[in-house]
Amino acid sequence: MYAVADAITVRGLHKRYRSAVAVDGVDLDVHAGEVFALLGPNGAGKTTTVEILEGFRKRTSGEVSVLGLDPQHADAAWRGRVGVVLQSTGEFDDLTAREVVHHFAQYYPDAADPDEVLARVGLTEKQDDRTRVLSGGQKRRLDVALGIIGRPELLFLDEPTTGFDPEARREFWGLIRGLAAAGTTILLTTHYLDEAEALADRVGVLSGGRLIAVDAPDRLGDRGTGAATVSWLGPDGPASEQTDAPTAVVTRLAAQFGGEVPGLTVTRPSLEDVYLRMIGVGE
Ligand SMILES: Nc1ncnc2c1ncn2[C@@H]1O[C@H](COP(=O)(O)OP(=O)(O)OP(=O)(O)O)[C@@H](O)[C@H]1O
């Protein structure tokens, strides 16, 4: 085993389907050990990009290196180092959740303990149920279990928490943080901006097949520096002011009120505000 500074390197990636360009010149580096979230509206090219990186889809042109190899020429050893959670659920109908996880464990030289993995994804109670009777969210947990059973160095998660209830999403975030803390590199796609904010070291925004921004979630766009909104409860009701100098406004208000400012909040644009502006919504 050898260390690579970047787990994923992509240069000039293009993917054309018969009638449409799905990926239109993407350059991307995902550093070893980071959690990277790919955001973008429906049809932006996220799944296509991720499936090319997983070696499941051929590119039209461009250079791609994943854990030091071109995924188009991946071998079994490489596949053993990569975990994949696809968008579509695998169907194992008549097998129980426990049987499926035990079965998949056999494919990996250094698999995790299947029962431990079932516990980590919160399926212990359901492990003896046939997979066809699992709920949508429970099937998704099983997908995640199969993605991590081989102790991957690099884990791909395509919309991992779609269909999860809020509690299951929080549990899943804990699982991902644990994997990241143990050094697993994670590339996930998500439509949940709170998920990207909670998990990702960096986010990339794909729009129309192009990567239009890459940054830490709290710095994306003008989040760190853009105008802040200062809100408070004035004598005539709620009041607010947009400002580049929120400290000065708060100081002025504190003087006006002679101390504590009622209902004071200072907010910057949310990740969702910035993201929607970037993809051309909410102008
Ligand atoms: N097998 C295919 N044949 C033809 N066109 C395809 C195929 N797969 C995807 N596309 C097209 O490529 C574009 C990108 O699709 P892709 O699934 O990569 O987007 P996405 O960002 O993952 O979307 P979503 O958020 O809806 O999952 C879309 O216009 C889609 O219609």
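- As recorded in an unreviewed UniProt entry, the chain goes by ABC transporter and comes from Dactylosporangium sucinum.

Observations concerning the pairing of strand β11 (residues 237-243)
Here is step 1 of the chain: Relative to β11, strand β10 (residues 228-234) runs antiparallel, the two being bridged by seven bridges. In the sheet register, Ala228 faces β11, and the bridge partner there is Thr243.
Here is step 2 of the chain: Remark: two residues form the turn of the hairpin made by β10 and β11, two consecutive strands paired antiparallel.

Focus on unusual backbone geometry
Here is step 1 of the chain: The backbone of Leu67 shows a phi angle near 50 degrees, a positive value even though the residue is not glycine.
Here is step 2 of the chain: Along the chain, Leu67 turns up in the loop between β4 (61-66) and α2 (76-81).
Here is step 3 of the chain: Located in the positive-phi region is Glu159, a residue other than glycine, with phi close to 45 degrees.
Here is step 4 of the chain: Mapped onto the fold, Glu159 is located in the loop between β6 (154-158) and α6 (166-181).

Quick word on the site of the ligand
Here is step 1 of the chain: Surveying the vicinity of the ligand reveals the residues Tyr17, Ala20, Ala22, Gly40, Asn42, Gly43, Ala44, Gly45, Lys46, Thr47 and Thr48.
Here is step 2 of the chain: With three residues, helix α1 (residues 46-53) is the single largest residue contributor to the shell around the ligand.
Here is step 3 of the chain: Residues belonging to the shell around the ligand are distributed by class as follows: four nonpolar, six polar and one charged.

A closer look at the sheet that holds β11
The strands making up a sheet associate through hydrogen bonds between their backbones, and the pairing can be parallel or antiparallel.
Here is step 1 of the chain: In space, the three strands of this open sheet follow the order β11-β10-β12, with antiparallel pairing throughout. Either end of the sheet is taken by a strand with one partner, and the two such strands are β11 and β12 (265-267). Across the sheet, the mean angle from the axis of one strand to that of its neighbour is 20 degrees, orientation sign disregarded.

A few points about the nonpolar core
Here is step 1 of the chain: Ile8, Ala37, Val101, Ala145, Phe156, Ile186 and Leu187 are the most contacted members of the largest nonpolar core, which totals 60 residues.
Here is step 2 of the chain: Contact partners of Ala145, with chain neighbours within four places excluded, come to Val101, Val117, Leu118, Val121 and Leu123.

A word on α1
Here is step 1 of the chain: The element α1 is extensively covered by neighbouring structure, given that eight of its eight residues are classed as buried.
Here is step 2 of the chain: Residues Lys46, Thr47, Thr48, Thr49, Val50, Glu51, Ile52 and Leu53 constitute the buried set of α1.
Here is step 3 of the chain: After α1 finishes, the residue Gly55 shows a positive phi value of roughly 85 degrees.

Brief notes about the environment of Gly33
Here is step 1 of the chain: Following the sequence through the fold, Gly33 ends up in the loop between β2 (21-31) and β3 (35-39).
Here is step 2 of the chain: The spacing of Gly33 and Leu154 is 121 residues in sequence and 8.4 Å in space, taken between C-alpha atoms.
Here is step 3 of the chain: Residues within four places of Gly33 in sequence aside, it is in contact with Gly183 and Thr185.

Things to note about α6
Here is step 1 of the chain: Taking 1.5 Å per residue as the helical rise, α6 with its 16 residues ought to reach 22 Å, and the 23 Å between its terminal C-alpha atoms agrees with that figure.
Here is step 2 of the chain: What α6 keeps buried is the set Phe172, Ile176 and Leu179. The arc that holds the buried residues of α6, viewed along the axis, is 60 degrees, so those residues lie on one side. Summarising the geometry of α6, the exposed residues directed more than 90 degrees from the buried face are Pro166, Glu167, Gly174, Gly178 and Ala181.
Here is step 3 of the chain: The secondary structure elements touched by the buried residues of α6 are β3, α5 (136-148), β6, β7 (185-189) and α7 (193-199).
Here is step 4 of the chain: Positive phi appears at Gly183, one or two residues downstream of α6, with a value of about 100 degrees.

Remarks on the environment of Asp94
Here is step 1 of the chain: Mapped onto the elements of the fold, Asp94 is located in the loop between β5 (82-85) and α3 (97-105).
Here is step 2 of the chain: For Asp94, a count of 9 C-beta atoms within 10 Å corresponds to the exposed category.
Here is step 3 of the chain: Placed 113 residues apart in sequence, Asp94 and Ser207 show a C-alpha to C-alpha distance of 40 Å.

Here is what the cut-offs are and how they apply
Within any chain, residue numbers begin from 1 and follow the written order of that chain's sequence. Reporting of local features is limited, given that this is a predicted model, to residues whose pLDDT is at least 70; pairs of side-chain atoms are given and counted only at 80 or more, and all residues count toward the totals for whole chains, interfaces and linings. Whether two strands pair depends on DSSP finding at least two bridges between them. Going along the chain from the N terminus, every DSSP run of H or I of four or more residues is numbered as a helix, and every run of E of two or more is numbered as a strand. Only the C-beta atom, placed from the backbone, is used; a residue is near a molecule or strand if that atom lies within 6 Å of it. Lys, Arg, Asp and Glu make up the charged group, whereas Ala, Val, Leu, Ile, Met, Phe, Trp, Tyr, Cys and Pro make up the nonpolar group; the residues left over, Gly among them, are polar. Helix axes use the C-alpha atoms of the stretch in contact, all axes being lines fitted to C-alpha atoms, and the angles between their N-to-C directions lie in the range 0 to 180 degrees. The term nonpolar core means buried Ala, Val, Leu, Ile, Met, Phe, Trp, Tyr and Cys residues held together as one set by C-beta atoms within 7 Å. To assign burial, the other C-beta atoms lying within 10 Å of each residue's own C-beta are counted, with C-beta atoms placed from the backbone; 20 or more indicates buried, 12 or fewer indicates exposed, and intermediate counts indicate partly exposed. The contact criterion used is a C-beta to C-beta distance within 7 Å, with each C-beta placed from the backbone. How far a helix is expected to stretch is found by multiplying one less than its residue total by 1.5 Å. This arc corresponds to the set of directions leading from the helix axis out to the C-beta atoms.

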